[in-house]
Amino acid sequence: MNFRNPPPDTFVGAVRMEEHDFSIWGYYGDGTGGPEFIFPSIALTGGGAQARGDGYQLHWRVPIDDSHHWLFVVSFKRSGLIPEEHRYARTRLLTTPDYHLIRNQSNRYLQDREEQRTSTFTGMGPVFVPQDAMANETQGPIQDRTREMLGAADIHVAGWRRMVLAAIRTVEKGEEAPGTIRDRRVNTVDPLFLKTNAPASSDELESAIAETGGRWVQTVAH
């Protein structure tokens, strides 16, 4: 889910992970990197209507109960408006009017064996959303993590779980959860890339600009 999104033929798994005040950053073998997860339950990714380096998407999962959640997808395109066909076409192709997936577990995600032989690995269409749903939902309403086998590329998953457990203990003690911003100066630089819940120092600002290529960091006068 790195924000620079290398081309598919060069993508490799995460080789290094960093834990920050309210985010997990992953770094990859091709030199790219960026925030993988941001508190409380946000994932940052590229793709969609944005060309590489021209924006990002936020996938925000909001819990309903122990086994259900709403997924909100927020897209940002730096160079201009998101085209109409991108704003609505995927929604019409993927979901019903009440925002349930057309491809779902009850119809086996409309998996097409002929498509598997000729065009896609999963046979579930070219869009990743039903494929992600299949990977999540077929594990059951509540996953038994004692039976899973994380690989080397899943280091950010383990790191995020460690941070979530630490956050739970923090809130149980009556302290504030990670990512709670009460100082407006923190927002002088995009908090997604600041890494710390404090106003940016000159060194931190320069580091954020270097890591993002200056694409999504606001200009701040010093």
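Note that this is a predicted model, so its numbers are computed, not measured.

Draft legend 1. How the structure looks around the pattern of salt bridges. In total, this model carries seven salt bridges according to the counting rule given. In this structure, the salt-bridge partner of Glu 176 is Arg 182, at a minimum N-O distance of 2.3 Å. Residue Glu 176 is classed as partly exposed on the basis of its relative accessible area of 42%. Overall, the relative accessible area of 66% leaves Arg 182 in the exposed class. A salt bridge links Arg 185 to Asp 183; its shortest N-O distance comes to 2.7 Å. Using a relative accessible area of 25% as the deciding quantity, one classes Asp 183 as partly exposed. Bridged by salt links that share partners, the residues Arg 16, Glu 18 and Lys 195 form one connected network.

Draft legend 2. How the structure looks around the confidence of the model for the chain. Chain-level pLDDT for the chain is 81 on average; 84% of the residues reach the 70-or-more range. Here residues 1-11 scores under 50 on pLDDT; set against residues more than four positions off or in separate chains, the count is 37 contacts.

Draft legend 3. Molecular detail of the environment of Ala 153. Along the chain, Ala 153 turns up in the loop between helix 3 (128-137) and helix 4 (155-172). In this structure the C-alpha to C-alpha distance between Ala 153 and Met 17, which are 136 residues apart in sequence, comes to 9.8 Å.

Draft legend 4. Molecular detail of helix 4. For helix 4, spanning 18 residues, the distance from its first C-alpha to its last is 26 Å, which sits close to the expected 26 Å at 1.5 Å a residue. Residues of helix 4 that are buried include every one of His 156, Gly 159, Trp 160, Met 163, Ala 167 and Thr 170, and no others. Taken down its axis, helix 4 places every buried residue within 100° of arc, on the same side. A positive backbone phi angle near 90° is found at Gly 174, which sits one or two residues after helix 4.

Rules and cut-offs
In every chain, residue numbers begin from 1 and rise along the written sequence. Per-residue local features are limited, in this predicted model, to residues with pLDDT of at least 70; the limit for side-chain atom pairs, both in listing and counting, is 80 or more; totals at the level of whole chains, interfaces and linings are taken over all residues. With hydrogens and water stripped out, all remaining heavy atoms of the structure feed into the side-chain values. Basic side-chain nitrogens of Lys or Arg form a salt bridge, by our definition, when they fall within 4 Å of a carboxyl oxygen of Asp or Glu. With a 1.4 Å probe rolled over the protein chains alone, any residue whose accessible area is under 20% of its type maximum counts as buried; one over 50% counts as exposed, and the rest are partly exposed. Values of pLDDT, the confidence the predictor places in each residue, fall between 0 and 100. In what follows, a contact means two residues having at least one pair of non-hydrogen atoms within 4.5 Å. In DSSP terms, a helix is any run of H or I states spanning at least four residues, a strand is any run of E spanning at least two, and both are numbered starting from the N terminus. Expected helix span is computed as 1.5 Å times (number of residues minus one). Think of the arc as the fan of directions from the helix axis to the C-beta atoms.

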